[in-house]
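Notes for the structure review
Chain by chain, the residues:
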Amino acid sequence: MELILKEDISGLGFKDDIVQVKNGYGRNYLIPKGLAQIATESAKKILAENLKQRAFKEKSQVEQAHKLAQDISKIKIKIKSKVATADKLFGSVGSQNLADALKEKGYELDKDVISIPGKTIKRTGSHLAKIRFHREVSVEFPFEVIPE
């Protein structure tokens, strides 16, 4: 089923993206909650016109996102966590922990824009997270989990 998103949905896409989803997910969740609409030909034409009009405004947002991405990529983050044996963590480190560490450095990001492969980290060492600032701007962000 092809849908046009009305809002940003983490793991699926951003507002005004045209996405393919399973029929049940679209009919039973996205459309009734007002998060998406069916991508008919007329809806696609309206979307294209709206995107054209919004392109100029979005240009400045993309530039700001690129600047923020460059600034954040220069930061070194070390997250302290309790360690059980060797390099295994007692709990886990997730996107919220990384968002909190970035907030301490002065960059307030929502945890939904940060994605960590496997959702959580359970070992110390160097890891990568992907941060999406805008639909066109994302950056691979290296960080380290160290013992407390």
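The text that follows walks through the structure, step by step, so that each part is easy to find. (Residues numbered from 1 in each chain as written. Predicted model: local features only at pLDDT ≥ 70, side-chain atom pairs only at ≥ 80, totals over all residues. Heavy atoms only, no water.)

Here we look at the overall build of the chain
- Along its length, the chain carries three helices and nine strands.
- By its C-alpha atoms, the chain is 60 × 35 × 20 Å across when sized along the principal axes.
- Per-residue burial over the chain gives 34% buried out of 148 residues.
- Partitioning the intrachain contacts of the chain with sequence separation of at least 6 by distance along the chain shows that 52% fall at a separation of at least 24.
- When the accessible area of the chain is evaluated, it comes to approximately 9800 Å², of which 49% is carbon and sulfur surface.
- Mean positive and mean negative side-chain charge positions of the chain (27 and 20 charges, respectively) differ by 3 Å. (Helix = DSSP H or I, 4+ residues; strand = E, 2+ residues; numbered from the N terminus. Buried < 20%, exposed > 50% of the residue type's maximum accessible area, 1.4 Å probe, protein only. Contact = heavy atoms within 4.5 Å. Areas by Shrake-Rupley, 256 points an atom, 1.4 Å probe, with all protein chains shown as cover. Lys, Arg positive; Asp, Glu negative; His and termini not counted. Charge placed at Lys NZ, Arg CZ, Asp CG, Glu CD.)

Remarks on the nonpolar core
- Membership of the largest hydrophobic core comes to 25 residues, with the highest contact counts inside it found for I77, L98, L102, I131, F133 and F143.
- Residues in contact with F133, not counting those within four places in the same chain, are A65, L68, A69, I72, L109 and V139.
- Counting residues in hydrophobic clusters, the runner-up holds nine residues, among them M1, L3, V21 and A36. (Core = buried A, V, L, I, M, F, W, Y, C linked by side-chain atoms within 4.5 Å.)

Structural notes on the sheet that holds strand β1 (residues 2-5)
- Taken in spatial order, the three strands line up as β2-β1-β3 in an open sheet, and their pairing is antiparallel. Pairing within the sheet leaves two strands with one partner each, and these edge strands are β2 (18-20) and β3 (36-38). Strand-to-strand, the axes of this sheet are offset by a mean angle of 40°, without reference to chain direction.
- Where β1 and β2 come together, three bridges link them in antiparallel fashion. Paired with E2 across the bridge in β2 is Q20.
- Across the sheet, helix α2 (residues 41-73) is in contact with β1, β2 and β3; its angle to β1 comes to roughly 35°. (Pairing = 2+ DSSP bridges. Axes fitted to C-alpha atoms, helices over the stretch in contact; angles between N-to-C directions.)

What about the side chain of S81?
- Looking at the element boundaries, S81 is found in strand β4 (residues 78-81).
- In this structure, S81 is in contact with L89, V93, V145, I146, P147 and E148, ignoring residues within four places of it in sequence.

The values are spatial; any link to function lies outside them.
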